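Inside the fold
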Amino acid sequence: MTIYDELVARGLIAQVTDEEEIKDLINNGKATFYIGFDPTADSLHVGHFMALCLMKRLQMAGNKPIALIGGGTAMVGDPSGRSDMRQMMTQETIQHNCDCFKKQMERFIDFSDGKALMVNNGDWLLGLNYVDFLREIGPHFSVNRMLTAECYKQRMEKGLSFLEFNYMLMQSYDFYMLYQKYGCNLQFGGDDQWSNMLGGTELIRRKLGKNACAMTITLLLNSEGKKMGKTQSGAVWLDPNKTSPFDFYQYWRNVADADVLKCIRMLTFLPLEQIDEMDKWEGSQLNQAKEILAYELTALVHGEEEAKKAQEGARALFSAGNAANMPSTTLAAEDFQDGAIDLISLLCKAGLVTSRSEGRRAIEQGGVSVDGEKITDIRYNVKKEDITEEGLVVKRGKKKFMKICL
């Protein structure tokens, strides 16, 4: 099976400009391709995960990835998939975020010996002369055509600023520059980037008379059509300080039955033959599939050791086994009054609720247990002597829990 056939079989390809040419490029290791990452935060998140996996797959097949960090485009903000304008960031913040991205990307992409490049589009965008840019690039873009692009249409009702309207020109200019500087002949991106990517191929054709290709990858959506990678508390980050390896594992362990095999196919590096066999699984076997998904992805992002710890911690929650790897919160002497702490305060301290009122509701609704015993009394106190050397397990709902230690 060729690498292109594998991408199709895994359900990763959404749209392509020239299928035969793209097949030839990536199947024969002739693609120098780029994917853009705007540094809007100091960590990559699950939304970037599929792009990183794709870069890894293509690099393993002999192609050369360019990770384009949007130090310039982040100064403007991409309107795609947004109902409001992005916040403006300083250059210092953007540079810090770029540095954080590179560290995380190195887990997926081999940057040694020129096998991959990391490039910042601020290098050419931030020094542009506005009038020169308009004269050189502006004539090649039709405003009428731009307004039909999906990324702009969804913003027209709320109002699209001229600042954001420039984004397509800037992303197209990126492809044009990468083609000239590094021989980049292929751009990948999420399916919501299609219009911007076509702008780049068209600009290269008009300015240089050359042919470049674009391919979009399927957006990671759940069975309800919503983007995956979000929880009630926000994004699922790849930085262990923002989303712990355990919470990362639990996110994938708790995906819906309808989504687990699709996620295994799209995101893991397990052989397709093995996944095809899992397609027949149902009932309790789907829980096993979720464990496989969670373990594989946690190992990819955080390493095998952290994946094993997360798996053992999750299993300990549902069994009487060793709870050593369960996430824990340590209480200090000042957390106790007269040798006890009220359960609502304990829930807040453990991060299982965000406010006392949320804690009160959770207890009243029967969603809180202490060492396996359901507690419905909002005045319940946990005594200091109740917390043994092994710790005390406080659970909220089916999926949130914390080991309390002294």
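Throughout what follows, the structure given in this document is the object of discussion. Residue indices begin from 1 for each chain and proceed along its sequence in written order. For this predicted model, a pLDDT threshold of at least 70 governs which residues receive local features, and a threshold of 80 or more governs which side-chain atom pairs are given and counted, while totals over whole chains, interfaces and linings are taken from all residues. No hydrogens and no water enter the side-chain calculation; it runs on all heavy atoms of the structure.

1. Notes on the overall build of the protein
Applied cut-off: Counting from the N terminus, the helices are the DSSP runs of H or I reaching at least four residues and the strands are the DSSP runs of E reaching at least two. To sort residues, take the accessible area from a 1.4 Å probe on protein chains only and compare it with the maximum for the residue type: under 20% means buried, over 50% means exposed, and anything in between is partly exposed. Contacts were defined at the residue level, with two residues in contact if any of their heavy atoms lie within 4.5 Å. In short, Shrake-Rupley with a 1.4 Å probe defines the accessible areas, and a residue's cover is counted only from the protein chains shown. In summary, the charge assignment counts Lys and Arg as positive and Asp and Glu as negative, without counting His or the chain termini. A charged residue contributes its charge at one atom only: NZ of Lys, CZ of Arg, CG of Asp or CD of Glu.
Regarding its fold elements, the protein presents 18 helices and 15 strands. In terms of principal-axis extent, the alpha carbons of the protein reach across some 80 × 45 × 40 Å. Here the protein, with 406 residues, has 49% of them falling under the buried criterion. Long-range pairs, those at least 24 residues apart, make up 72% of the contacts in the protein with a sequence separation of at least 6. In the form shown here, the protein has an accessible surface area of approximately 19800 Å², with 46% of it arising from carbon and sulfur atoms. Here the protein contributes 48 positively and 55 negatively charged side chains, and the mean placements of these two sets differ by 3 Å.

2. A closer look at the packing of aromatic side chains
The relation between two aromatic rings is expressed through the spacing of the ring centres and the mutual angle of the planes. Worth spelling out the cut-off: Any two of the Phe, Tyr and Trp rings considered here, Trp counted by its six-membered ring, make a pair once their centres fall within 6.5 Å; the pair's planes then place it as stacked at under 30 degrees, edge-to-face at over 60, or tilted in between.
Applying the stated rule across the entire model yields 8 aromatic pairs. Between Phe49 and Phe248, the aromatic rings sit 6.4 Å apart at their centres with planes inclined by 55°, giving tilted as the arrangement. Note that Phe49 is positioned in helix H3 (residues 46-60) and Phe248 in helix H12 (residues 245-253), a separation of 199 residues in sequence. Judged by its relative accessible area of 0%, Phe49 is buried. You can call Phe248 buried: its relative accessible area is 0%. Seen from their ring centres, Tyr173 and Tyr176 are 5.8 Å apart, and the 45° between their planes marks the pair as tilted.

3. Quick look at the sheet that holds strand E11 (residues 368-370)
We count it as follows: In this description, strands pair whenever DSSP reports at least two bridges between them.
Across the sheet, which stays open at both edges, the 5 strands sit in the order E9-E15-E14-E11-E12 with mixed pairing between neighbours. If you trace the sheet from one side to the other, it starts and ends with strand E9 (328-330) and strand E12 (373-374), each paired once. Of the strand pairs in this sheet, E11 and E12 are connected by 2 bridges, and their pairing is antiparallel. Residue pairing across strands places Ser369 opposite Lys374, the latter belonging to E12.

4. Let's talk about the nonpolar core
Using the following cut-off: We call a set of buried Ala, Val, Leu, Ile, Met, Phe, Trp, Tyr and Cys residues a nonpolar core when their side-chain atoms join them within 4.5 Å.
Of all hydrophobic cores here, the largest spans 73 residues; its most connected members are Phe37, Phe49, Met105 and Trp252. For this core, the leading source of residues is helix H15 (residues 285-302), giving 10 residues. Apart from residues lying up to four places away in sequence, Phe49 is in contact with Phe108, Leu238, Phe248, Leu267, Leu297, Leu300 and Val301. Judged by nonpolar contacts, the second largest core, of 26 residues, contains Ile66, Val119, Phe133 and Ile137.

5. Focus: helix H2 (residues 19-27)
Every α-helix carries 3.6 residues per turn, so stepping three or four residues along brings you back to the same face. In plain terms, the rule: An arc is given here, and it is the one of the directions from the helix axis to the C-beta atoms.
Within H2 the residues assigned to the buried category are Ile22, Leu25 and Ile26. Angularly, the buried residues of H2 cover 85° about the axis, an arc narrow enough to put them on a single face. Looking at the buried residues of H2, the elements they touch are helix H1 (3-9), strand E1 (13-16), H3, strand E5 (186-190) and strand E6 (213-217). Of the residues one or two after H2, Gly29 is the one with positive phi, at around 65°.

6. Concerning the packing of helix H10 (residues 167-182) against helix H11 (residues 194-208)
Basically, it comes down to this: In this description, a line fitted to the C-alpha atoms serves as the axis of each element, helices being fitted only across the stretch in contact, and the angle between N-to-C directions of two axes falls anywhere from 0 to 180 degrees. In what follows, roughly perpendicular refers to angles from 65 to 115 degrees, roughly parallel to angles under 35, roughly antiparallel to angles over 145, and oblique to any angle outside these ranges. In this scheme, a crossing is called left-handed if the near helix is turned counterclockwise away from the far one by less than a right angle; it is called right-handed if the turn is clockwise. When residues are sorted by character, Ala, Val, Leu, Ile, Met, Phe, Trp, Tyr, Cys and Pro go into the nonpolar class, Asp, Glu, Lys and Arg into the charged class, and all the rest, Gly among them, into the polar class.
At a minimum axis separation of 8 Å, H10 and H11 run at an interaxial angle of 50°. By the angle class used here, H10 and H11 are oblique. Between H10 and H11 lies a crossing of right-handed hand. Of H11, the residues touching H10 (which contributes Tyr167, Met168, Gln171, Ser172, Tyr173, Phe175, Tyr176, Tyr179 and Gln180) are Ser195, Asn196, Met197, Gly199, Gly200, Thr201, Leu203, Ile204, Lys207 and Leu208. Split into classes, the residues belonging to the contact of H10 with H11 amount to 10 nonpolar, 8 polar and 1 charged.

7. With respect to the pattern of salt bridges
It is possible for side chains of opposite charge to pair when their charged atoms get near one another. Under the convention used in this document: Within this document, salt bridges are pairs made up of a side-chain nitrogen of Lys or Arg and a carboxyl oxygen of Asp or Glu, the two lying within 4 Å of each other.
For the structure on display, the rule yields 19 salt bridges. Where Lys242 meets Asp42, a salt bridge forms, and the shortest distance between an N and an O atom there is 3.0 Å. Pair noted here: Lys242 is in the loop between strand E8 (234-235) and H12 and Asp42 is in the loop between strand E2 (32-37) and H3, with a separation of 200 residues, a long-range link. In this structure Asp42 comes out as partly exposed when scored by relative accessible area, which is 28%.

8. Observations concerning the sheet that holds E6
Pairing is mixed in the open sheet, where 6 strands are placed in the order E1-E6-E5-E2-E3-E4. Of all strands in the sheet, those bounded by a partner on one side alone are E1 and strand E4 (117-120). Each adjacent strand pair in this sheet contributes to an overall mean axis angle of 25°, direction not counted. Both E1 and E6 contribute to a ladder of 3 bridges, which runs antiparallel. Paired with Val16 across the bridge in E6 is Met215. Strand contacts of H3: E2, strand E3 (64-69), E5 and E6, with the helix running at about 165° to E2, the strand carrying the most contacts.

9. Remarks on unusual backbone geometry
In this model, Asp113 sits at a positive phi of 50°, which is unusual for a non-glycine residue. Mapped onto the fold, Asp113 is located in the loop between helix H4 (91-105) and E4. Relative accessible area serves as the criterion here: at 72%, Asp113 is assigned to the exposed category. Even without glycine at this site, Asp338 takes up a positive phi of about 55°. Here Asp338 shows up in the loop between E9 and strand E10 (340-342). The class for Asp338 is exposed, based on a relative accessible area of 87%.

10. Focus on the environment of Gly339
Within the secondary structure, Gly339 is located in the loop between E9 and E10. When its relative accessible area of 29% is taken as the criterion, Gly339 is described as partly exposed. C-alpha of Gly339 to C-alpha of Asn381: the two residues are 42 residues apart in sequence and 9.7 Å apart in space. If near-sequence neighbours (up to four positions away) are discounted, Gly339 is found in contact with Val382, Lys383, Lys384 and Glu385.

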